[in-house]
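# Coordinates in review
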Amino acid sequence: MYYIYGLVVVAILVGLVLIKYRSKKIRGEWILAGFLIGILSLPIGLYLTPVIENVSRLFLPEGGANQIFSIVLIFIILSICYTYLKKESLVFFIKILAVSFLISLILFAGWFSIGAYEHAEGSVIFVNQYDTASGEYVDITKHMEEYPALNKAIKGEGCEKLEGNNRWYCKTPSDEWRRSVDFISKQNARLYKIGEKYYELSFATP
């Protein structure tokens, strides 16, 4: 989301310049103003959602609908304020509103898609590798081909190393992560033998 913060800073700076020179006519200004309002509406709307939903929950169910309502309310308010400062007509307001709605829609869809992707890739498998077993273990070598995400984690492919040479973690798609959790939980063991090595496995979600 850091790129959105950068867009917000740019939008604020350019918006301040437009307001400062509001007495002058700038060609295509309504497009630029609508673009800036659309950018600002997303973070402001999301930030103010807890406040605005105290009213919106009277006629909207809890969840994403309140976020959408908050963003829409913000870009309408900002469009009204900008039109008033410029002392422009209703047509100018409608133009800004249309552009800001489109930009807000694109940004919200992008934010939602990124959030969904990060959540899907955010489930983690932690692996501790041992050369010998201390206690009982279960040999699951023959099952590895059935669980590609777990097999990949065991091999350490694309994983992040932790302190020490024999500890790492791997981000895994949620569906594969769940299959791995279900399989390991059924074995009911602390250590698992895979090939000639022994592993301690644990799982976590964001």
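Summary of the structure given here. (Residues numbered from 1 in each chain as written. Predicted model: local features only at pLDDT ≥ 70, side-chain atom pairs only at ≥ 80, totals over all residues. Heavy atoms only, no water.)

## Side note on the sheet that holds strand β1 (residues 123-130)
The strand order across the open sheet formed by six strands is β2-β5-β6-β1-β4-β3, and the pairing between neighbours is mixed. Here the strands that pair on one side only, and so sit at the sheet edges, are β2 (137-139) and β3 (160-161). In this structure, strand β5 (residues 191-194) lies alongside strand β6 (residues 197-204), joined through three bridges in antiparallel fashion. Across the sheet, I194 pairs through a bridge with K197, a residue of β6. Helix α5 (residues 148-155) contacts β1, β4 (167-172), β5 and β6 of the sheet and is inclined by roughly 45° relative to β1. (Pairing = 2+ DSSP bridges. Helix = DSSP H or I, 4+ residues; strand = E, 2+ residues; numbered from the N terminus. Contact = heavy atoms within 4.5 Å. Axes fitted to C-alpha atoms, helices over the stretch in contact; angles between N-to-C directions.)

## Some details on the environment of A98
One can find A98 in helix α4 (residues 90-120). Residue class for A98 comes out partly exposed when judged on its relative accessible area of 46%. Sequence separation of A98 and I31 is 67 residues, and the distance between their C-alpha atoms is 9.3 Å. (Buried < 20%, exposed > 50% of the residue type's maximum accessible area, 1.4 Å probe, protein only.)

## Quick look at the packing of α5 against helix α6 (residues 174-187)
Direction vectors running N to C along α5 and α6 enclose 85°, while the axes themselves pass 8 Å from each other. One way to sum up the angle between α5 and α6 is to call them roughly perpendicular. From α5, P148, A149 and L150 reach across to α6, where they touch E176, R179, S180, F183 and I184. Here the contact of α5 with α6 is built from residues that sort into five nonpolar, one polar and two charged. (Parallel < 35°, antiparallel > 145°, perpendicular 65-115°, else oblique. Nonpolar A, V, L, I, M, F, W, Y, C, P; charged D, E, K, R; others polar.)

## Digging into the nonpolar core
Formed by 19 residues in total, the largest nonpolar core has its most connected members in V127, I140, L150, I154, I184, Y199 and L201. The set of elements that each furnish at least two residues to this core consists of β1, α5, β4, α6, β5 and β6. Per-element accounting of this core gives the leading share, four residues, to α6. Beyond its immediate chain neighbours, meaning those up to four positions away, L150 contacts I125, M144, S180, F183, I184 and L201. (Core = buried A, V, L, I, M, F, W, Y, C linked by side-chain atoms within 4.5 Å.)

## Describing the side chain of S180
Inspection of the secondary structure assignment puts S180 in helix α6. Take S180: its relative accessible area is 1%, and that puts it in the buried class. Within the structure, the side chain of S180 is placed 3.0 Å from the backbone oxygen of E176, a separation counted as a polar contact. Beyond its immediate stretch of four places on either side in the chain, S180 contacts I125, Y147, A149, L150 and F203. (Polar contact = N/O pair within 3.5 Å; in protein donor to acceptor, adjacent residues only side chain to side chain.)

## Thoughts on the state of the cysteines
Per the counting criterion, the structure on display carries one disulfide. Two residues, C159 and C170, share a disulfide whose sulfurs are 1.7 Å apart. Taking the sign of the S-S torsion, about 100° here, the bridge from C159 to C170 comes out right-handed. One end of the pair, C159, is in the loop between α5 and β3; the other, C170, is in strand β4, with 11 residues separating them in the sequence. (Disulfide = S-S within 2.5 Å.)

## Some thoughts on the pattern of salt bridges
Within the structure shown, the criterion is met by four salt bridges. A salt bridge links K197 to D131; the shortest N-O distance between them is 2.7 Å. Of this pair, K197 sits in strand β6 while D131 sits in the loop between β1 and β2, and the two are 66 residues apart along the sequence. (Salt bridge = Lys/Arg side-chain N within 4 Å of Asp/Glu carboxyl O.)

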